[in-house]
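Report on the structure
Spelled out, the chains give:
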Amino acid sequence: MTRVAIVVGSKGRGSNMRAIVSACQDGRLPARVVCVVCPKETPATAFAAAAEIPIVIPDDFGAMSDYRPDLVCLAGYMRLVPHEIVAQYEDRMLNIHPALLPKFGGKGMWGMAVHEAVLAAGERESGCTVHFVSEHYDEGNILLQMKCNVDPAETPESLAAKVLKLEHECYVQAIAMWIRSRSHPE
Ligand code: GRF
């Protein structure tokens, strides 16, 4: 079983976290969520507590490491991860972004701002990206992307909802790919 730590943000929606937890619980992923890390108590940590998943509050990466995760998944975490932690989890730390990187990434590109920028640029498609975490926002190697159309009547809100649904599928698939690549290295 691959040991997964999930790091969520202080906004605390935690929908990607829930998608990963449920894929572990129903056997779609040969993995176990060993802890959920969050800057503060949120609905996401309440969910984790109810699922009997250990919680690390605040976002103390040293305390996270005590749970010996093989893979760390950032999901809605807005802060930069300290560089020694990025180094410790090289090729073992993923993030999800609600656009097709390298477009529409970087500092300030989060939440509705991303979808507004996609629409303002007249893009015909958008989607999400799971990438490895580096020391810069949204710049690590891309593991998996999924795309959707941007419809003529699209609003930032409708696009956000469409992309979020895709994110849940994309993150689970990306984790499955990562696990497979580890069990059958080239
Ligand atoms: C997602 O849109 C993700 O791409 C971004 O932050 C959001 C987190 O949403 N990094 P949720 O907390 O998983 O619902």
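For the structure given in this document, a descriptive report is provided here. Predicted, not measured: the structure shown is a model, and the values here were computed from it.

A word on unusual backbone geometry. Between Ile57 and the following residue, Pro58, the backbone shows a cis peptide bond with an omega angle of -5 degrees. In this structure, Pro58 sits in the loop between strand 3 (55-56) and helix 3 (61-65). Cis geometry marks the peptide bond from Leu101 to Pro102, where omega comes out at 10 degrees. If you trace the backbone, Pro102 turns up in the loop between strand 5 (93-97) and helix 5 (112-120). Even without being a glycine, Glu52 presents a positive backbone phi close to 60 degrees. Within the secondary structure, Glu52 is located in the loop between helix 2 (43-50) and strand 3. Positive phi, close to 50 degrees, is recorded for Arg68, a residue that is not glycine.

With that settled, consider the site of the ligand. Around the ligand, the structure places Arg13, Gly14, Ser15, Asn16, Gly76, Ile96, His97, Pro98 and Glu167. Between the ligand and Ser15 there is a distance of 2.5 Å, counted from an oxygen atom to a side-chain nitrogen or oxygen. If the ligand stood free it would expose 370 Å²; the protein chains cover 84% of that surface. For the ligand, the cavity whose grid points lie within 2 Å of the majority of its atoms is the largest pocket. Counting only elements with at least two residues in the shell around the ligand, the list comes to helix 1 (15-25) and strand 5. Of the residues assigned to the shell around the ligand, the class counts are two nonpolar, five polar and two charged.

This paragraph deals with the pairing of strand 5. For strand 5, the tally of buried residues reaches five of five residues, placing the bulk of the element in the interior. With burial as the criterion, each face of strand 5 is covered, one bearing Met93, Asn95 and His97 and the other bearing Leu94 and Ile96. Bridge count for strand 4 (residues 71-75) against strand 5 is three bridges, and the pairing is parallel. Paired with Val72 across the bridge in strand 5 is Met93. Note on the crossover from strand 4 through helix 4 (residues 83-88) to strand 5: the handedness is right-handed. Of the strand pairs in this sheet, strand 5 and strand 6 (residues 125-132) are connected by four bridges, and their pairing is antiparallel. Note that in strand 6 the partner of Ile96 across the bridge is Val130.

With respect to the element layout, Val56 can be found in strand 3. Taking relative accessible area as the criterion, Val56 reaches 7% and is therefore assigned buried. Between the alpha carbons of Val56 and Thr155 there is a distance of 36 Å; along the sequence they are 99 residues apart. Sequence-distant contacts of Val56, that is, excluding residues within four places in its chain, are made with Cys35, Val36, Val37, Cys38, Ala63, Met64 and Tyr67.

This part is about the packing of aromatic side chains. How two aromatic rings sit relative to each other is given by the distance of their centres and the angle of their planes. For the structure shown, the criterion picks out one aromatic pair. An angle of 85 degrees between the planes, with centres 5.9 Å apart, marks the rings of Phe61 and Tyr77 as edge-to-face. In this pair, Phe61 is assigned in helix 3 and Tyr77 in the loop between strand 4 and helix 4, connecting sequence segments 16 residues apart. The class for Phe61 is buried, based on a relative accessible area of 5%.

About the criteria used
- Residues numbered from 1 in each chain as written.
- Predicted model: local features only at pLDDT ≥ 70, side-chain atom pairs only at ≥ 80, totals over all residues.
- Heavy atoms only, no water.
- Helix = DSSP H or I, 4+ residues; strand = E, 2+ residues; numbered from the N terminus.
- Near = heavy atom within 4 Å.
- Polar contact = N/O pair within 3.5 Å; in protein donor to acceptor, adjacent residues only side chain to side chain.
- Areas by Shrake-Rupley, 256 points an atom, 1.4 Å probe, with all protein chains shown as cover.
- 1 Å grid on protein atoms, 1.4 Å probe; cavity = no way out; pocket = protein on both sides within 12 Å on 5 of 7 lines; lining within 4 Å.
- Sits in = over half its atoms within 2 Å of the grid points.
- Nonpolar A, V, L, I, M, F, W, Y, C, P; charged D, E, K, R; others polar.
- Buried < 20%, exposed > 50% of the residue type's maximum accessible area, 1.4 Å probe, protein only.
- Pairing = 2+ DSSP bridges.
- Right-handed = clockwise from strand over helix to strand, strands pointing away.
- Contact = heavy atoms within 4.5 Å.
- Phe/Tyr/Trp six-rings, centres within 6.5 Å; stacked < 30°, edge-to-face > 60°.

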